[in-house]
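Okay, here's what each chain looks like letter by letter:
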Amino acid sequence: MSHKILIGMQWGDEGKGKITDLLAEEADVVVRFSGGNNAGHTVIAEGQKYELHLIPSGILYPKKLCLIGSGVVINPRSLVEEMSGLKKRGIALDNLHLSPEAHLVLPYHLRLDNLEEENKAGDKIGTTGRGIGPAYADKAARRGLRVGDLLSRESFGKKLEKSLSYHNAVLEKVYREPAFDLQQLKVDLLSLAEEIRPHVTSLPPLLWKSHRENRQILFEGAQGALLDLDFGTYPYVTSSHPGAGGVSSGTGFGPRYLNEILGVAKAYLTRVGRGPFPTELSGEQGEKLREKGQEFGVTTGRPRRCGWLDLPALRYAAMFNSVTALALTKLDVLSGFSEIKVCTGYKINNSITDRLPDSFQLKNAQPVYQTLTGWEQDISGITNFQELPSEARHYVNFIEQETGVKINLVSTGPDRKEIIHRQPL
Ligand code: IMP
């Protein structure tokens, strides 16, 4: 049995929620492996809209095992709120399990995230303000608290005290900010522990058992490849590994059986937060993409920056994640553009390359465009590739040719059913 990985190919917000939801129908187990509640996955099912931040999209199907791996950082309050929101809407959570090794995002991480950003002046990253970077920093510095710690009442207080003595010192001495009160924080956090406790399980044995029983596992990516801590547009990245490489380290399921890697790419490009975005459109066309595509963050509500598709970036993401196929989303948003530009290469120091310049050179590189003819017809909801206008078919085929990766799915609207299957899933 080989298992599937689904990842974002751009700077997040590629419409992964919908594609994961589609693949989740076929899977028995759905697993989150990186990021935290900086992610926001929108799924529209049976006319109902769900916004998920930490819980895998598979939760919307009864009987799927839904796992949150150790590579995810968990804000316990957000998790409990998300759980209770789903319960209120009649979604059962019996199959939700999370790793005791997953690190906690605690209130001081949020405070530090915001203070670090405020103090960066012109150099802000534009984080989601969810405390993600400081939580992963604590993990790497080996001073973090984990889900398993929260479950042990006796030792939790001591561990929290130790962690807080460090963070309070930073708050008071570096930022001249008030410290957190140990007792208050301890009571608040322990009050969440009982909601979480029944869901905590060691994941590697569960994943291995699922594999041995021939159950299909889907690893659900959050954020996008270009936000990868190492291979993204550093430092304008998130603090985890949202690509295919993050799966094994973020779940404890080895790479041997991970053979299908589906990359999700939007038909154009968006980015929230700061950082280079060479194909960004600042004027009317950018505004049109934002309005038509409803490009506002699910997590923060921030307007997303919009621009043309960047093929060198897509090729790069396809390469370092060894993707086996692509899903192209939001093709319908491009209807009504008489011309569509696509970045096919970059000019740096008077020479042209078809590769994405690395993060050291990107800001000095100029995109080189090819202009394709657009289409007027509204293609929303089309499910048969042949029914697309020839220009839209050409657009899809062009991306396929330029990346050398098959586009198996094309999404033509937000609903589960608005999708073209060019290959069986
Ligand atoms: P952080 O992950 O909150 O630290 O933010 C770091 C960068 O990643 C910022 O540019 C965020 O806007 C971006 N980011 C984090 N999560 C997402 C996401 O789910 N979608 C899009 N961008 C994200």
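Just so we're clear, the structure is a prediction, and the values are computed from it rather than from any experiment.

1. Focus on the sheet that holds strand β9 (residues 217–220)
Step number 1: In space, the 9 strands of this open sheet follow the order β7-β5-β2-β9-β1-β10-β14-β18-β19, with mixed pairing throughout. Every interior strand has two partners, whereas the edge strands, β7 (96–98) and β19 (419–421), have only one. In this sheet, adjacent strand axes meet at a mean angle of 20 degrees when their direction is disregarded.
Step number 2: Of the pairings in the sheet, the one linking strand β5 (residues 65–68) to β7 comprises 3 bridges and is parallel in character. The partner of Leu67 across the bridge, within β7, is His97.
Step number 3: Those strands touched by helix α12 (residues 390–403) are β14 (325–329) and β18 (407–411), and its axis lies near 145 degrees from that of β18.

2. Considering the site of the ligand
Step number 1: Neighbouring the ligand are 16 residues; Asp13, Asn38, Thr128, Thr238 and Arg302 lie closest to it.
Step number 2: Contacts to the ligand include Thr128, whose side-chain N or O atom sits 2.6 Å from an oxygen atom.
Step number 3: One nitrogen or oxygen atom from the main chain of Val272 is found 3.2 Å from an oxygen atom belonging to the ligand.
Step number 4: Considering the ligand on its own, with 470 Å² of exposed area, one finds that the protein chains cover 96% of that surface.
Step number 5: Of the residues in the shell around the ligand, the class split is 6 nonpolar, 8 polar and 2 charged.
Step number 6: Domain assignment of the residues forming the shell around the ligand places at least three in each of domain 1 (3–90 + 203–421) and domain 2 (103–198).

3. Re the environment of Ile420
Step number 1: Mapped onto the elements, Ile420 comes out in strand β19.
Step number 2: With 31 residues separating them along the chain, Ile420 and Pro389 place their C-alpha atoms 14 Å apart.

4. Regarding the nonpolar core
Step number 1: Membership of the largest hydrophobic core comes to 54 residues, with the highest contact counts inside it found for Met9, Leu207, Phe219, Leu331, Leu334 and Tyr395.
Step number 2: When residues of this core are assigned to their parent elements, the largest contribution, 5 residues, is made by α12.
Step number 3: Apart from residues lying up to four places away in sequence, Leu331 is in contact with Ala267, Trp375, Ile379, Leu388, Ala392, Tyr395, Val396, Val410 and Ser411.
Step number 4: Core analysis: the second largest hydrophobic core is formed by 43 residues, Leu60, Leu104, Tyr108 and Leu112 among them.

5. Section: empty space enclosed by the protein
Take a probe with the size of a water molecule and roll it over the atoms, and the empty space left behind shows itself.
Step number 1: Throughout the structure, instances matching the rule amount to 2 cavities of 30 Å³ or more.
Step number 2: Size it by volume and the largest cavity reaches roughly 40 Å³.
Step number 3: For the largest cavity, the full set of lining residues is Lys4, Leu23, Glu26, Ala27, Gln216, Ile217 and Leu218.
Step number 4: Counted by class, the lining of the largest cavity contains 4 nonpolar, 1 polar and 2 charged residues.
Step number 5: For the second largest cavity, the calculated volume is near 30 Å³.

6. Describing the packing of aromatic side chains
Step number 1: If you walk through the whole model with that rule in mind, you get 9 aromatic pairs.
Step number 2: When the centroid spacing of 6.2 Å and the interplanar angle of 75 degrees are considered together, the rings of Tyr108 and Phe180 count as edge-to-face. Within this pair, whereas Tyr108 is found in helix α3 (residues 107–118), its partner Phe180 is found in the loop between α6 (153–174) and α7 (182–196), the two being separated by 72 residues in sequence. Taken as a pair, Tyr108 and Phe180 share a single burial class, namely buried.
Step number 3: Summarising the aromatic geometry, the rings of Trp375 and Tyr395 are spaced 6.3 Å apart at their centres and angled 55 degrees between planes, so their arrangement reads as tilted. Taken together, the positions of Trp375 in the loop between β17 (366–373) and α12 and Tyr395 in helix α12 put the pair 20 residues apart, joining distant regions of the chain.
Step number 4: Following the ring pairs from residue to residue traces out a cluster consisting of Trp208, Phe219, Phe253 and Tyr257.
Step number 5: A cation over an aromatic ring shows up here: Lys64 above the ring of Tyr61, its NZ or CZ 5.3 Å from the ring centre.
Step number 6: Above the plane of the ring of Phe337 lies Lys288, whose end atom (NZ or CZ) is 4.2 Å from the centre.

7. What about the domain arrangement of the protein?
Step number 1: Considered domain by domain, the protein is made up of domain 1 (3–90 + 203–421) and domain 2 (103–198).
Step number 2: Computed from C-alpha coordinates alone, the two centres of domain 1 and domain 2 are separated by 29 Å.
Step number 3: Taken together, the contact between domain 1 and domain 2 spans 28 residues of the former and 25 residues of the latter.
Step number 4: Between the two partners, domain 1 and domain 2, sit 1 salt bridge.
Step number 5: At the junction of domain 1 with domain 2, the criterion picks out 8 residue pairs in polar contact (both at pLDDT 80 or more).
Step number 6: Residue assignment for the side of domain 1 that touches domain 2 shows that the elements contributing at least two residues are β6 (73–74) and α2 (76–88).
Step number 7: Take the side of domain 1 that touches domain 2: its biggest share by element is 6 residues, from α2.
Step number 8: Considered class by class, the residues forming the side of domain 1 that touches domain 2 number 10 nonpolar, 14 polar and 4 charged.

8. Thoughts on helix α10 (residues 284–292)
Step number 1: Where α10 is concerned, the buried positions are Gly286, Leu289 and Arg290. Down the axis of α10, the smallest arc covering the buried residues is 100 degrees, so these residues share one side.
Step number 2: Structurally, α10 contributes buried residues whose contacts are with β12 (305–307).
Step number 3: Among the residues trailing α10, Gln294 stands out with phi positive, at a value near 50 degrees.

9. Considerations on the side chain of Lys16
Step number 1: Summarising the element assignment, Lys16 is placed in helix α1 (residues 16–24).
Step number 2: Among the polar contacts listed, one links the side chain of Lys16 to the backbone oxygen of Gln223, at a separation of 2.8 Å.
Step number 3: Setting aside chain neighbours within four positions, we find Lys16 in contact with Leu6, Ile7, Gly8, His41, Gly221, Ala222, Gln223 and Val264.

Here is what the cut-offs are and how they apply
Residues numbered from 1 in each chain as written. Predicted model: local features only at pLDDT ≥ 70, side-chain atom pairs only at ≥ 80, totals over all residues. Heavy atoms only, no water. Pairing = 2+ DSSP bridges. Helix = DSSP H or I, 4+ residues; strand = E, 2+ residues; numbered from the N terminus. Axes fitted to C-alpha atoms, helices over the stretch in contact; angles between N-to-C directions. Contact = heavy atoms within 4.5 Å. Near = heavy atom within 4 Å. Polar contact = N/O pair within 3.5 Å; in protein donor to acceptor, adjacent residues only side chain to side chain. Areas by Shrake-Rupley, 256 points an atom, 1.4 Å probe, with all protein chains shown as cover. Nonpolar A, V, L, I, M, F, W, Y, C, P; charged D, E, K, R; others polar. Domains from an automatic or database assignment. Core = buried A, V, L, I, M, F, W, Y, C linked by side-chain atoms within 4.5 Å. Buried < 20%, exposed > 50% of the residue type's maximum accessible area, 1.4 Å probe, protein only. 1 Å grid on protein atoms, 1.4 Å probe; cavity = no way out; pocket = protein on both sides within 12 Å on 5 of 7 lines; lining within 4 Å. Points joined across faces, edges and corners; volume = space filled by probe spheres on them. Phe/Tyr/Trp six-rings, centres within 6.5 Å; stacked < 30°, edge-to-face > 60°. Lys NZ or Arg CZ within 6 Å of the ring centre and 35° of its normal. Salt bridge = Lys/Arg side-chain N within 4 Å of Asp/Glu carboxyl O. Arc of directions from axis to C-beta.

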